[in-house]
Amino acid sequence: MVVFSKPTIADFPLIINCKSTTLCPGIPIVDLSKPDAKQFVVKSCEEYGFFKVVNHGVPIELISRLENEAVMFFSFPLSEKQKGGPPDPFGYGNKSIGPNGDVGWIEYLLLTANQELNSQKLTTIFGKYPEKLCSALNDYVSAMKKMACELLELMADGLSMKPRNFFSKLLMDEQSDSVFRLNNYPPCQELQASNGKNMIGFGEHTDPQIISVLRSNNTSGLQISLRNGSWISVPPDANSFFINVGDSLQVMTNGRFKSVRHRVLANSSKSRVSMIYFGGPPLNEKIAPFPSLMEGKESLYKEFTWLEYKKSAYKSRLGDNRLCQFERMFEAS
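Since this is a predicted model, take the numbers as computed values, not measurements.

Definitions and cut-offs
In every chain, residue numbers begin from 1 and rise along the written sequence. Per-residue local features are limited, in this predicted model, to residues with pLDDT of at least 70; the limit for side-chain atom pairs, both in listing and counting, is 80 or more; totals at the level of whole chains, interfaces and linings are taken over all residues. Hydrogens and water molecules were not included; the side-chain quantities draw on all heavy atoms of the structure. The helix and strand labels rest on DSSP assignments: H or I over at least four residues marks a helix, E over at least two residues marks a strand, and numbering proceeds from the N terminus. Burial here depends on accessible area, computed with a 1.4 Å probe over protein chains only, as a share of the maximum for the residue type. Under 20% is buried, over 50% is exposed, and the range in between is partly exposed. To measure how exposed things are, a 1.4 Å probe is used in the Shrake-Rupley method; for residues, cover is taken only from the protein chains shown. For two strands to pair, DSSP has to find at least two bridges joining them. Only heavy atoms enter the contact rule, under which two residues are in contact if any of them lie within 4.5 Å. Pairing of aromatic side chains here covers Phe, Tyr and the six-membered ring of Trp, requires ring centres within 6.5 Å, and sorts the geometry by plane angle: under 30 degrees stacked, over 60 edge-to-face, intermediate tilted. In this scheme, the term charge over a ring applies when either NZ of a lysine or CZ of an arginine sits within 6 Å of the ring centre and within 35 degrees of the ring normal. Only the stretch in contact is used when a helix axis is fitted, and all axes are lines through C-alpha atoms; the angle between N-to-C directions ranges over 0 to 180 degrees. Throughout, the term roughly parallel applies to angles under 35 degrees, roughly antiparallel to angles over 145, roughly perpendicular to angles from 65 to 115, and oblique to all others. Crossings are assigned a handedness: left-handed for a near helix turned anticlockwise from the far helix by less than a right angle, right-handed for a clockwise turn. For this classification, Asp, Glu, Lys and Arg are treated as charged, while Ala, Val, Leu, Ile, Met, Phe, Trp, Tyr, Cys and Pro are nonpolar and the rest, including Gly, are polar.

(A) Fine view of the overall build of the protein. Scanning the protein from N- to C-terminus turns up 8 helices and 15 strands. A burial count over the protein gives 54% of its 333 residues as buried. When the accessible surface of the protein is split by element, carbon and sulfur atoms take 52% of a total near 15400 Å².

(B) Examining the pairing of strand β11 (residues 241-245) more closely. β11 sits mainly inside the fold: 5 of its 5 residues count as buried. Side chains of β11 alternate between two faces, with F241, I243 and V245 and F242 and N244 buried alike. As paired elements, strand β3 (residues 50-54) and β11 share 4 bridges and run antiparallel to each other. Across the sheet, F50 pairs through a bridge with N244, a residue of β11. Where strand β8 (residues 211-216) meets β11, 4 bridges bridge the pair, whose relative direction is antiparallel. The partner of I211 across the bridge, within β11, is V245.

(C) Expanded view of the side chain of S248. If you trace the backbone, S248 turns up in helix α7 (residues 247-252). Its relative accessible area of 0% is what places S248 among the buried residues. With near-sequence residues (within four places) excluded, S248 lies in contact with P208, Q209, I210, I287 and W306.

(D) Structural context of the packing of aromatic side chains. Counted under the stated rule, the structure contains 13 aromatic pairs. Measuring from ring centre to ring centre gives 5.3 Å for Y309 and F326, while their planes differ by 70°; the resulting arrangement is edge-to-face. Separated by 17 residues along the polypeptide, Y309 in helix α8 (residues 306-314) and F326 in the segment after α8 bring together distant segments of the chain. Assessed through its relative accessible area of 0%, Y309 is described here as buried. Note on F326: relative accessible area 11%, which makes it buried. One aromatic cluster is present, built from ring pairs that chain together F73, F74, F76, Y92 and F126. Here R181 stacks its cationic end above the ring of Y108, 4.2 Å away from the centre of that ring. Against the face of W231 rests R263, its NZ or CZ located 4.0 Å from the ring centre.

(E) Molecular detail of the sheet that holds strand β4 (residues 91-97). The mixed open sheet is built from 8 strands, whose spatial order is β2-β3-β11-β8-β13-β6-β5-β4. Sheet topology places β2 (29-31) and β4 at the edges, where each strand pairs with a single neighbour. Ignoring strand direction, the axes of neighbouring strands in this sheet form an average angle of 25°. Sheet strands in contact with helix α1 (residues 37-47) are β2, β3 and β11, and its direction is about 160° off that of β2. Against the sheet, helix α2 (residues 60-74) touches β4, β5 (102-112), β6 (179-185), β8, β11 and β13 (272-279), its axis set at about 60° to β6.

(F) Here's a closer look at the packing of helix α4 (residues 115-126) against helix α5 (residues 131-158). Contact geometry of α4 with α5 gives a least axis separation of 10 Å together with a crossing angle of 150°. Between α4 and α5, the crossing angle belongs to the class labelled roughly antiparallel. Crossing handedness for the pair α4 and α5: right-handed. Across from Q115, N118, S119, L122 and F126 in α4, the residues of α5 making contact are L133, C134, L137 and N138. Considering only residue class, the contact of α4 with α5 consists of 5 nonpolar, 4 polar and no charged.

(G) Geometry of the environment of A156. Relative to the elements of secondary structure, A156 occurs in helix α5. Once the C-alpha coordinates of A156 and F167 are considered, the two residues, 11 residues apart in sequence, prove to be 7.4 Å apart. Those residues in contact with A156 that sit more than four places away from it in its chain are M161, R164 and F167.

Pasting the structure below:
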């Protein structure tokens, strides 16, 4: 059983339930077994910045191994888990999200995609090398990286980009700054008496990287924001993956793809466990629109390196529009 350190519902942000915020059966679905998958990928990125992937080829056993290890880790006493924290930014975190005051009904383990660095951090927590967890983690991250690259190449194909590995090579680079999160949103029984309000598990935000690959158990909570500003709940599906367009991909497509604003609400009765791979470029990589996608138009964004954007994002609050200071419309004429 997961126990937080004496939290009260008053310590966390709440939102009022909205009748228009409902389960949406129309979440775009991309079937990777179909030859026309690239068209659906591009359309989904343009209209939602988000889609579900089915027939992905990732073995269920590989997914279950890591989920079981994650559930076991989060069941440890808080004092044991806190040996891996506070996050620096990597490590174990509880309720606090980032360094700027954001909080949520969540505990998490933030790791790099680097096996050696993860082994060192996890050994600190466990007091010895956790072979089963590290093995499950390494296999899962490798599979997510492969899927992310496949999707990015489908995007490039659908956009008629040459070379087709323009996006994926950034994740394949040895210096790729990719990260991985294990999130646990414990049940919050106090919500049952909260008069129609929901507690924030993870506040609304966009992902700063190129692409995010999310998988969770069968507990609801994930919501995405549509272009009109309304929020829709994403039906959970433990056998599929959900893809977020990140801020960096929005810039590289000159705004053709939009990074999706999303959030997670706490559940009153069931834990939600999620596993997310964030595919990022090398720190010194210059982020700018791909020339053939500008269609004779000016770039909407100033060129910046991933390190510059990462530093800027780290100084911001979750809900901030991190890209606004890099948009050209804000340049002095």
